[in-house]
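Observations on the model geometry
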Amino acid sequence: MSGALVWLREDLRLADNPALRAAIDHGGPVTVVVVLDEESPGIRPVGAASRWWLHHSLAALDAELRDRDSRLVLRRGGAARVIPELVAQADADAVYWNRRYGRVERDLDAGIKSALTDDGTEAHSFAANLLWEPWTVLTGQGEPFKVFTPFWRAAQAMPEPRHPLPEPRDLPAPADVDSDDLDDWALLPTKPDWAGGLRDAWEPGEAGAHRKLEQFVHDALEDYDQRDEPAMAATSDLSPHLRWGEVSPYQVWHRLHGELEPEQRRQAPAFLRQLAWREFNWNEYFHCDDIATVNVRREFDAFPWRDVDEDELDRWRHGRTGFDLVDAGMRELWHSGAMHNRVRLAAASFLVKNLLVDWRIGEQWFWDTLVDADPANNAGNWQWVAGSGFDAAPYFRVFNPDRQMERFDPHKEYVRRWVPADEERPDPMVDLKASRQRALDAYDRMRRA
């Protein structure tokens, strides 16, 4: 009996997976496939920390499938070649996947769908990873929102996001097709193995995502109004799980609308607003998919960035700037693959404004070192800091790292976690007041240009 192929990408979960549900309903064998595509033109290879996460997420997914007498099929290569090959090898008459939103990915998927359909194979895609697909939340003129608050207001006026689909208890056996060995993909660092801090900090996979969600609801949500304090455990830490689709935004949305204590319920709207910021960045990415390389506000093409040498960049990358909050954040990033959001703002602002370094250099570093780096939020947030993106912070808003520390880490609990008090500290790289004025002068020159 012909069966179905489920092509997973950034939706590495069994529960609330519309493509998987459709394949089961189709009848016959269900073959779950992940393709490591680093060949298709325009596809951006994931960074080193994300490769580490992907390895462990795939291993966890395969274990979950094997518990249900199934398995994960891995193939490496261009998806336009690999998917039709798998269809033939699995004798499948239908392929299902959940939608992606970058232009390159959309064009690739559309081409594969057309080729499959022409060959007599059904191909269907589904909404799974955004609460509001980018073409559904538009201004009255049918344009994308460029400011977050009206976007959020319009999204809240939409019908309530659908309820999550249940996890399948049983899966039809897969077709008998060959699979790559995950270790052969060489996603993990070896010489040297720098991932010890990542292993200590994270549990990739669907089970880990739901443990993290419940831990946040029960232990941290009631303190969410202190989320700007990096020493507090008041944030969700869900971003890498959302980035890889180990938990869906629908599951998070409805859990935050579920059974909560009064103080948790009071804090929930602020968290959901942050979830909506993620959606806003994906909305921006859908309409401007080159946001990792091109200024959304094109007047910034004339901005006079400095040519900074590698020694200066390395001081920022490895937390040796002489400014405690920035250095603590960059060390947290290097160790754990993550950084507290308030500190991300300070570290990014320091690079872009105090050092006058092109935001794209910082975006690439975060892309390589963050476990939660996705193409929409990483680039979108860097453009927000730089002042060149949608709803961006004004360029003249410079996050003074010393004042940020005084305000949000006054007792240096966070700083001392990453920068020991007895460590000999380097001299500050720049004078904050003078470098701020230099940035404002550069902004004025851009405006005049």
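What comes next is a walk through the structure. (Residues numbered from 1 in each chain as written. Predicted model: local features only at pLDDT ≥ 70, side-chain atom pairs only at ≥ 80, totals over all residues. Heavy atoms only, no water.)

Glancing now at the sheet that holds strand S5 (residues 122-126). If you trace the 5 strands from one edge of the open sheet to the other, you get S3-S2-S1-S4-S5, paired in parallel fashion. Because the sheet does not close on itself, it has two edges, and the strands there are strand S3 (72-76) and S5. Mean inter-strand twist for the sheet, computed between neighbouring axes without regard to direction, equals 25°. Of the pairings in the sheet, the one linking strand S1 (residues 3-8) to strand S2 (residues 30-36) comprises 5 bridges and is parallel in character. Residue pairing in the sheet places leucine 5 in a bridge with threonine 31 of S2. Contacting S1, S2 and S3, helix H2 (residues 48-66) crosses the sheet at an angle of about 145° to S3. (Pairing = 2+ DSSP bridges. Helix = DSSP H or I, 4+ residues; strand = E, 2+ residues; numbered from the N terminus. Axes fitted to C-alpha atoms, helices over the stretch in contact; angles between N-to-C directions. Contact = heavy atoms within 4.5 Å.)

Turning to unusual backbone geometry, a few remarks are in order. Excluding glycine, a negative phi dihedral is what most residues carry, and trans is how most peptide bonds are arranged. A cis amide bond links lysine 191 with the next residue in sequence, proline 192, at an omega value of 0°. Backbone geometry at aspartate 91 places phi at a positive 55°, although glycine is not the residue there. Residue class for aspartate 91 comes out partly exposed when judged on its relative accessible area of 48%. At lysine 412, a position not held by glycine, the phi torsion is positive, near 60°. With respect to the secondary-structure elements, lysine 412 resides in the loop between helix H16 (401-408) and helix H17 (413-418). Among the residues examined, lysine 412 registers a relative accessible area of 25% and is labelled partly exposed. (Buried < 20%, exposed > 50% of the residue type's maximum accessible area, 1.4 Å probe, protein only.)

This next bit is on the environment of asparagine 381. Summarising the element assignment, asparagine 381 is placed in helix H15 (residues 377-386). Measuring from C-alpha to C-alpha, the distance between asparagine 381 and arginine 278 comes to 9.7 Å, with 103 residues separating the pair along the chain. Setting aside anything within four residues of it in sequence, one finds asparagine 381 in contact with Trp277 and Asn281.

Of all 6 residues making up S1, 6 are buried, and the element is well covered by its neighbours. Across 5 bridges, S1 lies against strand S4 (residues 92-98) in parallel orientation. Residue tryptophan 7 lies in a different strand from S4, and its bridge partner there is tryptophan 97.

Within helix H14 (residues 359-369), the full set of buried residues consists of Trp359, Gly362, Glu363, Trp365, Phe366, Trp367 and Thr369. Buried positions along H14 lie against H2, helix H8 (239-243), helix H11 (310-317), helix H12 (324-336), helix H13 (341-354) and H15.

Right, let's talk about the packing of aromatic side chains for a bit. Applying the stated criterion to the full structure yields 26 aromatic pairs. On the basis of an interplanar angle of 65° and a centroid distance of 5.5 Å, the ring pair of tryptophan 53 and tryptophan 202 is categorised as edge-to-face. Of this pair, tryptophan 53 sits in helix H2 while tryptophan 202 is found in the loop between helix H6 (196-201) and helix H7 (206-220), placing the two residues 149 residues apart along the sequence. For the pair formed by tryptophan 53 and tryptophan 202, the shared burial category is buried. Ring geometry for phenylalanine 148 against phenylalanine 151: centres 6.4 Å apart, planes inclined by 40°, an arrangement best described as tilted. With phenylalanine 148 and phenylalanine 151 both in helix H5 (residues 148-156), this residue pair falls 3 residues apart, about one helical turn. Of the two residues, phenylalanine 148 and phenylalanine 151, neither departs from the other in class, the shared state being buried. Connected via pairs of aromatic rings, a cluster forms that spans Phe145, Phe148, Phe151, Trp277 and Phe280. The positively charged end of arginine 44 is found above the aromatic ring belonging to tryptophan 367, 4.0 Å away from the centroid. Above the ring of tryptophan 365, the side-chain terminus of arginine 317 is found at 5.3 Å from the ring centroid. (Phe/Tyr/Trp six-rings, centres within 6.5 Å; stacked < 30°, edge-to-face > 60°. Lys NZ or Arg CZ within 6 Å of the ring centre and 35° of its normal.)

We now examine the pairing of S3. For S3, the buried fraction is high: 4 of the 5 residues fall into the buried class. Relative to S3, S2 runs parallel, the two sharing 5 bridges. Each bridged residue has a counterpart across the sheet, and for valine 35 the counterpart in S3 is arginine 75. A crossover links S2 with its parallel partner S3, the connecting element being H2, and its sense is right-handed. (Right-handed = clockwise from strand over helix to strand, strands pointing away.)

This part is about the pattern of salt bridges. A full pass over the atoms with the stated rule returns 34 salt bridges. In this structure, the salt-bridge partner of aspartate 62 is arginine 66, at a minimum N-O distance of 2.8 Å. Separated by 4 residues within a single helix, aspartate 62 and arginine 66 lie in helix H2, roughly one turn from each other. The exposure class assigned to arginine 66 is partly exposed, which follows from its relative accessible area of 48%. The salt bridge involving arginine 103 is made with aspartate 289; its shortest N-O contact spans 3.4 Å. In this pair, arginine 103 is assigned in helix H4 (residues 103-118) and aspartate 289 in the loop between helix H10 (262-287) and H11, connecting sequence segments 186 residues apart. The class of arginine 103 is partly exposed, set by a relative accessible area of 40%. A single salt-bridge network, built from bridges that share partners, covers Asp324, Asp327, Arg331, Lys412, Glu423 and Arg425. (Salt bridge = Lys/Arg side-chain N within 4 Å of Asp/Glu carboxyl O.)

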